[in-house]
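# Chains, contacts and geometry: an overview
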Amino acid sequence: VEIDGQSVIAANGERFEETHLTAAAQSLPFGTLVRVTTKDTGRSVVVRITDRFREHKNRVLDLSRAAAEILGIKNKGLASVKVEVLGKVGKIGGY
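Structural notes, computed from the coordinates. Computed from a predicted model, the values in this text were never measured in an experiment.

## Thoughts on the nonpolar core
The biggest cluster of nonpolar side chains holds 12 residues, and these are Ala-23, Ala-25, Val-34, Val-36, Val-45, Val-47, Ile-49, Leu-61, Ala-67, Ala-68, Leu-71 and Ile-73. Elements supplying a minimum of two residues to this core: β3 (22-25), β4 (32-38), β5 (44-51) and α1 (65-71). When sequence neighbours within four positions are dropped, the list of residues in contact with Ala-23 reads Val-47, Arg-48, Ile-49, Thr-50, Asp-51, Leu-61, Asp-62 and Leu-63.

## Re the sheet that holds strand β7 (residues 81-88)
Reading across the sheet, the 5 strands line up as β6-β3-β5-β4-β7 and stay open at both edges, with mixed pairing between neighbours. The open sheet has two edge strands, β6 (61-63) and β7, and neither has a second partner. Neighbour-to-neighbour, the strand axes of this sheet turn through a mean angle of 35°, independent of strand direction. As judged from the 7 bridges shared by β4 and β7, these two strands associate in the antiparallel manner. Within β7, the position partnered with Thr-38 by the bridge is Val-81.

## Thoughts on the pattern of salt bridges
Opposite charge on two side chains lets them pair, provided their charged atoms get close. Per the stated rule, a full pass over the model turns up 7 salt bridges. Of the charged contacts in the structure, one is a salt bridge between Glu-14 and Arg-48, with a shortest N-O distance of 2.8 Å. Placement of the pair is Glu-14 in the loop between β2 (6-7) and β3 and Arg-48 in strand β5, with a sequence separation of 34 residues. Side by side, Glu-14 and Arg-48 carry an identical accessibility label, which is buried. Residues Glu-18 and Arg-65 are paired through a salt bridge, measuring 3.9 Å at the closest nitrogen-oxygen approach. Of the two residues, Glu-18 sits in the loop between β2 and β3 while Arg-65 sits in helix α1, which places them 47 residues apart along the sequence. For Glu-18, a relative accessible area of 30% gives the class partly exposed. Under the relative-accessibility criterion, Arg-65 is labelled partly exposed at 43%.

## Quick notes on the side chain of Thr-22
Along the chain, the position of Thr-22 falls in strand β3. Taking the relative accessible area as the measure of exposure, Thr-22 reaches 7% and is therefore buried. Here Thr-22 is in contact with Phe-16, Glu-17, Val-47, Arg-48, Thr-50, Asp-62, Leu-63, Ser-64 and Ala-67, once residues within four sequence places are set aside.

Cut-offs applied
- Residues numbered from 1 in each chain as written.
- Predicted model: local features only at pLDDT ≥ 70, side-chain atom pairs only at ≥ 80, totals over all residues.
- Heavy atoms only, no water.
- Core = buried A, V, L, I, M, F, W, Y, C linked by side-chain atoms within 4.5 Å.
- Buried < 20%, exposed > 50% of the residue type's maximum accessible area, 1.4 Å probe, protein only.
- Helix = DSSP H or I, 4+ residues; strand = E, 2+ residues; numbered from the N terminus.
- Contact = heavy atoms within 4.5 Å.
- Pairing = 2+ DSSP bridges.
- Axes fitted to C-alpha atoms, helices over the stretch in contact; angles between N-to-C directions.
- Salt bridge = Lys/Arg side-chain N within 4 Å of Asp/Glu carboxyl O.

If you want it as structure tokens, here you go:
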């Protein structure tokens, strides 16, 4: 993703890539791995927390496009999900 010719940098300092399985969270530590499962279909995906977003009463995560596509919720905006913390890893790649 580029904005005005600049790469978008996530809050953890990595370059944001909409094709990576990442998410933004209000308070989970960067590098936390979470399994996100949709309550209506049972589809799940594991994402890594790399960014933050402003508080919103109906959201707990903001998923990358790739994660939303896997869950089948890309065009829904909001979906009811279950979030399970699996563990933590560091930065991936040389960003």
